[in-house]
Amino acid sequence: WLKRPALREISADSTFHLEELHDSDLALFVCAKLSDIRQDFPGWFRLLTVLTVAVFEEIKTPLKKPCLMAIDEFANLGKLEAVEVSAPYMRSFGVRLLCIIQNIGQLKDAGYENYETFIGNAECCWWLATNHKDNLEYLEKRLGRRTTKEKLDGPPWWLRLFSRRYARHGLKDR
């Protein structure tokens, strides 16, 4: 990837140091096409991610404000040993790691055999409208099944403000 003139040029010199992510209000955004991340420049994106993690591990001074490190298409970077090892304790050195993936299968395919530990150590997991088999099985195993009360139909919201008799509910097993 260093044979590409544009990437070689931006990698040779910089107007900032990664330490500034720790010491200042610097915000770094790197946006790229998925094909760049997966095929053309995966090494460069992996290097940037690993170096950023290393900088925060090395600087022992606590942060005044936490640093959000958001990595979209995380699984497409492949397995990053540095992130896997440091993810459980990144909060202790001021990093809030946000890894965005589409399904658990991507983590498995990327080589994260201990994906449950990775997810378990997360401060928060958002599961959005998933219908992926592995995701559903994992969530059902962790959350269990519940009976929920849902509104089936009824009048407009403003009519329900005045009377409960208009609301009709039913039970659904989830």
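To start, this report covers the structure provided alongside it. Everything quoted here is computed from the prediction, not taken from an experiment.

### Looking at the pairing of strand S1 (residues 67–71)
Here S1 shows one buried face, formed by Cys 67, Met 69 and Ile 71, and one open face, formed by Leu 68 and Ala 70. Examined bridge by bridge, S1 and strand S2 (residues 95–99) share 5 bridges and lie parallel to one another. The residue of S2 that forms the bridge with Ile 71 is Cys 99. Crossover handedness for the path S1 to helix H5 (residues 81–86) to S2: right-handed.

### So, the nonpolar core
Core analysis: the biggest nonpolar cluster contains 32 residues, and Phe 56 and Phe 74 have the highest contact counts within it. Mapped onto this core, the elements with two or more residues apiece are helix H4 (42–58), S1, helix H6 (104–110) and helix H7 (115–120). For this core, the leading source of residues is H4, giving 5 residues. Once you skip the residues sitting within four places of it in the chain, Phe 74 turns out to touch Leu 80, Val 83, Cys 99, Ile 100, Ile 101, Leu 107, Tyr 112 and Phe 118.

### Let's talk about the side chain of Asn 135
Turning to its location among the elements, Asn 135 is positioned in helix H8 (residues 133–143). Within polar-contact distance, the side chain of Asn 135 engages the backbone oxygen of Gln 102 at 3.5 Å.

### Some points on H4
In this model H4 runs 24 Å from its N-terminal to its C-terminal C-alpha over 17 residues, within 8% of the 24 Å that 1.5 Å per residue would give. Restricting attention to buried positions, one finds in H4 the residues Trp 44, Phe 45, Thr 49, Thr 52, Val 53, Val 55 and Phe 56. Projected onto a plane normal to the axis of H4, the buried residues spread over an arc of 165 degrees and lie on a single side. The elements touched by buried residues of H4 are helix H1 (5–12), helix H2 (20–23), helix H3 (34–40), S1, H5 and S2.

### Description of the environment of Ala 110
The topology assignment puts Ala 110 in helix H6. C-alpha of Ala 110 to C-alpha of Leu 77: the two residues are 33 residues apart in sequence and 7.9 Å apart in space. If sequence neighbours within four positions are ignored, Ala 110 has contacts with Ala 75, Gly 78 and Lys 79.

### With respect to unusual backbone geometry
Phi is positive for Glu 73, close to 55 degrees, though the residue is something other than glycine. For Glu 73, the location among the structural elements is in the loop between S1 and H5. According to the relative accessible area criterion, Glu 73 is buried, its value standing at 19%.

### Description of the environment of Asn 131
Relative to the elements of secondary structure, Asn 131 occurs in the loop between H7 and H8. Accessibility expressed as a relative area gives 70% for Asn 131, which makes it exposed. Remark: the alpha-carbon pair of Asn 131 and Asn 103, spanning 28 residues in sequence, is separated by 9.3 Å.

### Here we look at the packing of aromatic side chains
On inspection of all chains with the given rule, the structure shows 5 aromatic pairs. The rings of Tyr 115, Trp 127 and Tyr 138 are connected pair by pair, giving a single aromatic cluster.

### Describing the pattern of salt bridges
All chains considered together, the criterion is met by 7 salt bridges. The partner of Glu 116 in a salt bridge is Arg 142, with the nearest N and O atoms 3.0 Å apart. Of this pair, Glu 116 sits in helix H7 while Arg 142 sits in helix H8, and the two are 26 residues apart along the sequence. Taking the relative accessible area as the measure of exposure, Glu 116 reaches 30% and is therefore partly exposed. Here Glu 137 makes a salt bridge to Lys 133, at a shortest N to O gap of 3.3 Å. Residue Glu 137 and its partner Lys 133 are both found in helix H8; the two are separated by 4 residues, about one turn of the helix.

How each quantity is defined
Residues numbered from 1 in each chain as written. Predicted model: local features only at pLDDT ≥ 70, side-chain atom pairs only at ≥ 80, totals over all residues. Heavy atoms only, no water. Buried < 20%, exposed > 50% of the residue type's maximum accessible area, 1.4 Å probe, protein only. Helix = DSSP H or I, 4+ residues; strand = E, 2+ residues; numbered from the N terminus. Pairing = 2+ DSSP bridges. Right-handed = clockwise from strand over helix to strand, strands pointing away. Core = buried A, V, L, I, M, F, W, Y, C linked by side-chain atoms within 4.5 Å. Contact = heavy atoms within 4.5 Å. Polar contact = N/O pair within 3.5 Å; in protein donor to acceptor, adjacent residues only side chain to side chain. Expected span 1.5 Å × (residues − 1). Arc of directions from axis to C-beta. Phe/Tyr/Trp six-rings, centres within 6.5 Å; stacked < 30°, edge-to-face > 60°. Salt bridge = Lys/Arg side-chain N within 4 Å of Asp/Glu carboxyl O.

Structural measurements only, silent on function.
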